[in-house]
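Listed below are the residues making up each chain.
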Amino acid sequence: MKKTVVWLRRDFRLSDNPAISHALEQSDQVILFYIHAPHEEHPWQPGAASSWWLHQSLSTFRRQVRIKQGELIVRQGDSLQSLIEICTETGAEAVCWNRLYEPVIARRDRKIKQELEKLGIRAIDFAGALLREPDEVLKEDGEVYRVYTPFSKRHASLAPPEPPLDEPGHLPTPYPVPKSLHIEELELVDRIQWHSQFTGEWQPGEKGAQHRIQSFSEHAALDYGHHRDIPNLEGVSRLSPHLHFGEVSPRQVWLHVRSGDNQMYDPPDMSPFWPYLRQLIWRDFAHHLLYYHPAMSDRPLDPMYEDFVWDCNPKLLEKWQNGQTGIPLVDAGMRQLWHTGWMHNRVRMIVASVLSKNGLVHWLEGARWFWDTLVDADLANNSMGWQWVAGCGPDAAPYFRIFSPRSQGQRFDPDGEYIRRWVPELSAIPIQYIHEPWTWPDSNSILNKLNYPMPALDLKQTRYRALDRHQEARQAWIKSR
Ligand SMILES: Cc1cc2nc3c(=O)[nH]c(=O)nc-3n(C[C@H](O)[C@H](O)[C@H](O)COP(=O)(O)OP(=O)(O)OC[C@H]3O[C@@H](n4cnc5c(N)ncnc54)[C@H](O)[C@@H]3O)c2cc1C
């Protein structure tokens, strides 16, 4: 009997899963295998909120697999060793998996492939986590794009994604079933105390992802371009954690959304859904960038910022983390993050700008907090997002772009609904003061009574300070050339 191990990592879905489909085609029995390897060398170990999601995702996936008469085998330890052991125990001749692109993981996987093949075990990997592979979207001369617009043009000019693969009807598993850990034994949820709040907010797993796509396509996809920046509206898909954990593939999302325009508009940038589709291309862009620039998660992509002098301001960082900066839109975002494990994209940009530009706190401090508290924490998207806002990324917001919480608030939360929802202390504040309550006459004593702080930063003065610091750094860099 031919047996194949499917090594699952961040692809907890049965439909459109190339590794599972291949294993079922090539063998009589499949062993669905997850290895928890927290001790393997990776500077960015999963954060607390995404570990909560992983726990839910594994549990849901296991239930789904059992419905198909299969089993998910869970082990803990070194990846290569665990793969060799499961192949020896079951007599499997091959291991297959879907590729991941984070440089540390990609390097480890290449090594594992070589080692397995030395032992006579076939190792086959597949594309499934992105719309396009990193080598598919390159400039004509083979160079890597560093700017989003030409990248997206090239991306959109490629042939449409292939139709997704069907969900298997049955998952034949060897008997006796190989031993497995209980998911609780991985102790993924013990690290966080606040996860009970997430439960009502999310439905981790493939079914949850499909519900989200369905409801987004029916109610919001067509208006995405108009509503995507309004944080108090259900205008975005909230698919990011599902995409990160591979509970849905990006091509499933792309094709589902595009099915609404009957594919009449080809190429995709002519589609009424283009504002949404281009976000999926941003996701590819971030992953390709990290793949080709492995240091991007820790060092500025723009070399001009290598010696940039950041301030050490633990007090500000703590206020920012706790949603107690006294800047309503920032506090609303940081509290949304704490309560739901997610923050709206527009507000992510604003909170990141206030910390890294007005506060001149190193973007890595903010990136680390996001990493620990976001259920969608994703190394490529997070690093690119922070570098973009801090001004040191490849396709960065220009250094002089410093988001003003007041004008952003007036534009995207004009009635202050988002602020009142997440900062209830301010619910009775008159609308003209909601974005800057400190400008209210006698604000000091009123805010004191409301138990809301005065602002931790003078936004105007820190804006000038940031501009000066950036200009000095740029001049020094140019002089040193
Ligand atoms: C400072 C900062 C940090 C960020 N950290 C993360 C992170 O850790 N994980 C993460 O998934 N996204 C991150 N983003 C990108 C973006 O904010 C989220 O992907 C988005 O808010 C998720 O919500 P959604 O699924 O409703 O997005 P939608 O607007 O519905 O977009 C659909 C999908 O497209 C992708 N996408 C959208 N915007 C971006 C973007 N700017 N860059 C890359 N992909 C994008 C996501 O996979 C998203 O699920 C960050 C952005 C900033 C500014």
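Conventions adopted
- Residues numbered from 1 in each chain as written.
- Predicted model: local features only at pLDDT ≥ 70, side-chain atom pairs only at ≥ 80, totals over all residues.
- Heavy atoms only, no water.
- Buried < 20%, exposed > 50% of the residue type's maximum accessible area, 1.4 Å probe, protein only.
- Helix = DSSP H or I, 4+ residues; strand = E, 2+ residues; numbered from the N terminus.
- Contact = heavy atoms within 4.5 Å.
- Axes fitted to C-alpha atoms, helices over the stretch in contact; angles between N-to-C directions.
- Parallel < 35°, antiparallel > 145°, perpendicular 65-115°, else oblique.
- Left-handed = near helix turned anticlockwise from the far one by under 90°.
- Expected span 1.5 Å × (residues − 1).
- Polar contact = N/O pair within 3.5 Å; in protein donor to acceptor, adjacent residues only side chain to side chain.
- Pairing = 2+ DSSP bridges.
- Right-handed = clockwise from strand over helix to strand, strands pointing away.
- Salt bridge = Lys/Arg side-chain N within 4 Å of Asp/Glu carboxyl O.
- 1 Å grid on protein atoms, 1.4 Å probe; cavity = no way out; pocket = protein on both sides within 12 Å on 5 of 7 lines; lining within 4 Å.
- Points joined across faces, edges and corners; volume = space filled by probe spheres on them.
- Nonpolar A, V, L, I, M, F, W, Y, C, P; charged D, E, K, R; others polar.
- Domains from an automatic or database assignment.
- Core = buried A, V, L, I, M, F, W, Y, C linked by side-chain atoms within 4.5 Å.
- Near = heavy atom within 4 Å.
- Patch = residues over 30% accessible without salt bridge, like charges linked within 9 Å, V, L, I, M, F, W, Y side chains within 5 Å.
- Areas by Shrake-Rupley, 256 points an atom, 1.4 Å probe, with all protein chains shown as cover.
- Lys, Arg positive; Asp, Glu negative; His and termini not counted.
- Charge placed at Lys NZ, Arg CZ, Asp CG, Glu CD.

Remarks on helix α9 (residues 250-259)
And then number 1: Most of α9 is tucked away: seven of the ten residues are buried.
And then number 2: Listing the buried residues of α9 in full gives P250, Q252, V253, W254, L255, V257 and R258.
And then number 3: Looking at the buried positions of α9, the neighbouring elements they touch are α6 (206-219), α8 (240-244) and α10 (274-292).

Re the packing of helix α11 (residues 314-321) against helix α14 (residues 363-373)
And then number 1: Between α11 and α14, the shortest axis-to-axis distance is 11 Å and the interhelical angle comes to 30 degrees. In terms of their interaxial angle, α11 and α14 are classed as roughly parallel. Between α11 and α14 lies a crossing whose hand is right-handed. Facing α11, whose interface residues are L317, W320 and Q321, α14 presents E365, G366, W369 and F370.

A word on helix α15 (residues 379-390)
And then number 1: The terminal C-alpha atoms of α15, which comprises twelve residues, lie 16 Å apart, in line with the 16 Å expected from a rise of 1.5 Å per residue.
And then number 2: Restricting attention to buried positions, one finds in α15 the residues L379, A380, N382, S383, M384, W386, Q387, W388, V389 and A390.
And then number 3: Structurally, α15 contributes buried residues whose contacts are with α10, α11, α13 (345-358), α14 and α19 (459-480).
And then number 4: Regarding α15, its N-cap is D378, as a side-chain oxygen of that residue lies 3.2 Å from the backbone nitrogen of A380 further along.
And then number 5: Where α15 ends, the next residue or the one after it, G391, has phi of about 95 degrees, a positive value.

Brief notes about the pairing of strand β5 (residues 122-126)
And then number 1: Of the strand pairs in this sheet, strand β4 (residues 94-98) and β5 are connected by five bridges, and their pairing is parallel. Bridged to A94 within β5 is R122.
And then number 2: Once you follow β4 into helix α4 (residues 103-118) and on to β5, the crossover reads as right-handed.

With respect to the pattern of salt bridges
And then number 1: On inspection of all chains with the given rule, the structure shows 22 salt bridges.
And then number 2: Here R66 and E71 are joined by a salt bridge, their closest N and O atoms 3.1 Å apart.
And then number 3: The exposure class assigned to E71 is buried, which follows from its relative accessible area of 16%.
And then number 4: Among the charged side chains, a network of salt bridges with common partners joins R99, K113, D125 and E133.

Some thoughts on empty space enclosed by the protein
And then number 1: Under the criterion given, the structure shown has three cavities of 30 Å³ or more.
And then number 2: Of the volumes computed, that of the largest cavity is approximately 190 Å³.
And then number 3: For the lining of the largest cavity, the secondary structure elements donating two or more residues are α8 and α10.
And then number 4: Of the residues belonging to the lining of the largest cavity, the class tally is seven nonpolar, six polar and eight charged.
And then number 5: Of the domains in this structure, domain 1 (3-129) and domain 2 (130-162 + 207-292) are the two that each give at least three residues to the lining of the largest cavity.
And then number 6: Counted as a void, the second largest cavity has a volume near 80 Å³.
And then number 7: P231, N232, L233, E234, G235, V236, R238, Q336, W342, H344 and R421 together form the lining of the second largest cavity.
And then number 8: In the lining of the second largest cavity, the residues fall into four nonpolar, four polar and three charged.
And then number 9: Per-domain counts for the lining of the second largest cavity show at least three residues from each of domain 2 (130-162 + 207-292) and domain 3 (303-480).

Description of the domain arrangement of the chain
And then number 1: Under the domain assignment, the chain is made up of domain 1 (3-129), domain 2 (130-162 + 207-292) and domain 3 (303-480).
And then number 2: If you average the C-alpha positions of domain 2 and of domain 3, the two centres end up 27 Å apart.
And then number 3: Contacts between the two partners involve 22 residues from domain 2 and, on the opposite side, 19 residues from domain 3.
And then number 4: Taken together, domain 2 and domain 3 are joined by one salt bridge.
And then number 5: The shortest N-O distance in the salt bridge between R346 and D229 comes to 3.2 Å.
And then number 6: Scanning the region where domain 2 abuts domain 3 turns up nine residue pairs in polar contact (both at pLDDT 80 or more).
And then number 7: Those elements that provide at least two residues to the side of domain 2 that touches domain 3 are α5 (148-157), α8 and α10.

A look at the nonpolar core
And then number 1: Counting 123 residues, the largest nonpolar core has L32, L58, F61, V253 and W320 as the members making the most contacts within it.
And then number 2: By residue number, the principal contributor to this core is α10, which donates nine residues.
And then number 3: Ranked by size, the runner-up nonpolar core spans 19 residues in total, among them F33, A37, C87 and A92.

What about the site of the ligand?
And then number 1: The ligand sits among 28 residues. The nearest are Y224, S237, R238, N345 and D376.
And then number 2: Residue D376 places a main-chain N or O atom 2.9 Å away from a nitrogen atom belonging to the ligand.
And then number 3: When the residues that make up the shell around the ligand are grouped by side-chain class, the tally is 16 nonpolar, seven polar and five charged.
And then number 4: Two domains each provide a minimum of three residues to the shell around the ligand, namely domain 2 (130-162 + 207-292) and domain 3 (303-480).

A word on the sheet that holds strand β3 (residues 72-76)
By way of backbone hydrogen bonds, the strands of a sheet pair with one another, either parallel or antiparallel.
And then number 1: The five strands are arranged β3-β2-β1-β4-β5 in an open sheet whose pairing can be described as parallel. Edge positions in the open sheet fall to β3 and β5, since each of these has one partner strand only. Averaged over all neighbouring strand pairs, the angle between strand axes comes to 25 degrees, with direction disregarded.
And then number 2: One ladder, built from five bridges, connects strand β2 (residues 29-36) with β3; its direction is parallel. Counterpart to L32 in the pairing with β3 is L72.
And then number 3: Those strands touched by α4 are β1 (3-8), β4 and β5, and its axis lies near 165 degrees from that of β4.

Focus on a negative patch on the surface
And then number 1: A surface patch of negative charge is lined by E184, E185, E187 and D190.
And then number 2: Tracing the sequence through the fold places E184 in the loop between α5 and α6.

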